[in-house]
Amino acid sequence: MECGKSSLELLEDKVILVTGGAGFLAKIFVEKILRSQPKVKKFYLLMRAADEKAAALRLQNEVIGKDLFKVLKHKMGAKFSSFISEKVTVVAGDITFDDLGIKDPDLREEMLRDIDVIINLAANTNFDERYDTSLKLNTYGARYVMEFAKKCTKIKVLVQVSTAYVSGEREGLILEDPYYLGDTLNGAKGLHIEEEKRLVEQRLNDLVAMGSTDEEIKLAMKDMGIEGYLLTVHVCVPNHICLHRFRWESIGTDDIVIATEPTNIIHNAVNRKASCCSSVCLTSCGQAVEIELHIGTNPFVSASVCAARKYGWPNVYVFTKALGEMLMLDLKDDLPLVIIRPTIVTSTYKEPFPGWVEGIRTIDSLADGYGKGKLTCFVGDPTSVVDVIPADMVANAMIVAMVAHANQWTTKTPIYQVGSSVRNPIRFTLFHEVGHDYFTKHPWIDKEGKPVVVGMVKVLGSMASFRRYISIYYILPLKGLELANTALCQFFQGTCTNLNRKINFILRLIDIYRPYLFFKGIYDDMNTHKLRIAAAESGMETNIFYFDPKVMNWADYFMYTHFPGIVRYIFK
């Protein structure tokens, strides 16, 4: 950090490239700098688009046209449009290609000549995304960004925004440590990124050669990313053989199978290590039938390919983000690189105004389901810490880290975990209680114009109790109702559909968030805390670029800021 200069001074006349320019954090980051330091020279916002015209349309509809910019619009008045035209250049590109997919050679040369800072925010954050898609964007995209940065003649710093959850399901204090090529969370050997890429390409070629449909390829790529076990299910009914697709899910100390079709739920645990076994399945007509489960016989996925879970990561998102970090560290040489690892990012705390949020973000899916009456039970440890951090604090941490490490040419890479679990932890019970209080006082109005009445969610402390609860209170009543519905000429069809939807919603949430339901990790933020201290001592405007979670009153924040924000901007 340059002595005697404030962060606002250091931002002046800088040219900043932001990838993933239409994303949630990207917009908050750009708006904050434009509003607090209008003398910044230029932003290049890289967005996926067919051409510059399409990119400009995305800029208007997905960035500038959002409520997020209303404070800046008010501040600039009639000059707002000309100010944006002067300061923001939208670029059609794609970080999964060399030179970030920028086709205009003149624009590309201009960027390579002028860029001071690169902020890589482009990512696919879906936990259950296709493996090929996530590997291409989160891992190889990071490599292409690093290669582009090394071509920039004036580059001062590259900021890679990752996620704290690259730690996987580790317990205890999780340090701000790097991951290097070949590192795994469970000690497994043989992780080679190029080999992962080769296996993906080989599998895709095999699927195409087999004449697989697009849907079959999609499912195969999803399974390849998490763990490639598919089961062929033979239903032993006279004159009737059904094939259903199942996925293994590791739950607690048992392994169970959950069907993708809601009318076929397998209740009892099966021995995963056996090559085949028998179990019992309830069919859509309520008839109990014996089934045989054969592991790894589906032609669309190789059982030998396990990807994320093979090496200790719970899902394809955090696995490919960890691989992206590894590639950047391997390729950086002495280029100034900063890695930011936020925890669960929530709505804005203060700026540009409280409560702005966009898209369903992890815990918000729980609030969405609960507020709309779809979530009546859940599984997890009610005493566990939910590590959340408001989006404006993450953006401020990015800015301070960017300024602090500009021109620090070294082989070392600072890593900052930006969260709250050390300095101001919030427990699941508070989130639950405040949610009940808010939606009781401000109920959601459903499509029929009726307020949705919410109760306290039944929180189950183990997967075994969850399975019993779902079976007794949801699945068995649904089967009985389906029988009655069939006998009475579809009289209960609407009720059956609603109950089925509720079951599917709960099972999907459990499926996605299973690794974090009993999460025992606490994210150390010693580096981040030292950054705050250094910023204050060097004269940076810590009142403007605040990111200390200790100031948060979580009950007030959720009650009066976050829940109203997600209802306004997310609920539909």
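Structure first, text after, so check above.
This part takes up the sheet that holds strand β1 (residues 15-19). Strand pairing within a sheet occurs via backbone hydrogen bonds; the two strands may be parallel or antiparallel. Here 7 strands make up an open sheet; going across it, the order is β3-β2-β1-β4-β5-β13-β17 and the pairing parallel. Lying at the two open borders of the sheet, with one neighbouring strand each, are β3 (88-92) and β17 (415-418). If you compare each strand with its neighbour and ignore which way they point, the axes differ by 20° on average. Where strand β2 (residues 42-47) meets β3, 5 bridges bridge the pair, whose relative direction is parallel. The partner of Phe43 across the bridge, within β3, is Val88. Sitting on the sheet, helix α6 (residues 105-114) is in contact with β1, β2 and β3, with an inclination near 130° to β2.

One pass over the full model with this rule turns up 24 aromatic pairs. Measuring from ring centre to ring centre gives 6.0 Å for Tyr165 and Phe519, while their planes differ by 55°; the resulting arrangement is tilted. Of this pair, Tyr165 sits in the loop between β5 (157-161) and β6 (172-174) while Phe519 sits in the loop between α16 (493-513) and β19 (521-523), and the two are 354 residues apart along the sequence. Tyr165 sits in the buried class, given a relative accessible area of 10%. With relative accessibility at 9%, the residue Phe519 sits in the buried group. Aromatic ring contacts, followed pair by pair, group Tyr370, Phe431, Tyr438, Phe439, Trp444, Trp554, Tyr557, Phe558, Phe563 and Phe571 into a single cluster. Lying across the ring of Phe353, Lys70 places its NZ or CZ 4.4 Å from the centre. Its guanidinium or amino end placed over the ring of Trp444, Lys372 lies 5.7 Å from that ring's centre, counting from NZ or CZ.

Moving on to a negative patch on the surface. A cluster of like negative charges, contributed by Asp51, Glu52, Asp104, Asp106 and Glu109, occupies part of the molecular surface. Along the chain, the position of Asp104 falls in the loop between β3 and α6. Taking the relative accessible area as the measure of exposure, Asp104 reaches 36% and is therefore partly exposed.

With that settled, the discussion passes to the pattern of salt bridges. Think of it this way: side chains of opposite charge can pair up when their charged atoms draw near. This structure, assessed with the given rule, holds 28 salt bridges. Taking the shortest distance from any N to any O, the salt bridge between Glu147 and Arg143 comes out at 3.6 Å. Residue Glu147 and its partner Arg143 are located together in helix α7 (residues 131-151), separated by 4 residues, close to a single helical turn. Here Glu195 and Arg198 are joined by a salt bridge, their closest N and O atoms 2.6 Å apart. Of this pair, Glu195 and Arg198 are both found in helix α8 (residues 193-209), 3 residues apart, which corresponds to roughly one turn of the helix. Here Glu195 falls in the partly exposed class, since its relative accessible area comes to 31%. One network of salt bridges, in which partners are shared, links Glu31, Lys32, Arg35 and Glu351.

The rules we used
By convention here, each chain's residues receive numbers from 1 onward along its written sequence. Residues qualify for local features only when their pLDDT is at least 70, as the model is predicted, and side-chain atom pairs are given and counted only at 80 or more; totals for whole chains, interfaces and linings, by contrast, use all residues. The side-chain figures draw on all heavy atoms in the structure; neither hydrogens nor water molecules are used. Two strands pair if DSSP finds at least two bridges between them. The way it works is that DSSP assigns letters per residue, a run of H or I at least four long becomes a helix, a run of E at least two long becomes a strand, and they are numbered from the N terminus. Here the axes come from fitting lines to C-alpha atoms, over the contacting stretch only for helices, and the angles between their N-to-C directions go from 0 to 180 degrees. Every residue pair with non-hydrogen atoms within 4.5 Å of one another is taken to be in contact. In summary, the pairing rule links any two rings of Phe, Tyr or Trp, Trp by its six-membered ring, whose centres are within 6.5 Å, and it sorts them by plane angle into stacked for under 30 degrees, edge-to-face for over 60 and tilted for everything else. Using a 1.4 Å probe on the protein chains alone, a residue whose accessible area is under 20% of its type maximum counts as buried, one over 50% counts as exposed, and one in between counts as partly exposed. Throughout this description, the term charge over a ring refers to an Arg CZ or Lys NZ atom that lies within 6 Å of the ring centre and within 35 degrees of the ring normal. Residues form patches when they are more than 30% accessible in relative terms and have no salt bridge. Like charges link within 9 Å. Nonpolar side chains (Val, Leu, Ile, Met, Phe, Trp, Tyr) link within 5 Å. For every accessible area listed, the method is Shrake-Rupley and the probe measures 1.4 Å; residues are considered covered only by the protein chains on display. The salt bridge criterion pairs a side-chain nitrogen of Lys or Arg with a carboxyl oxygen of Asp or Glu, the two atoms within 4 Å. Just so you know, the count uses Lys and Arg for positive and Asp and Glu for negative, and it drops His and the chain ends. Charge positions are represented by NZ for Lys, CZ for Arg, CG for Asp and CD for Glu.

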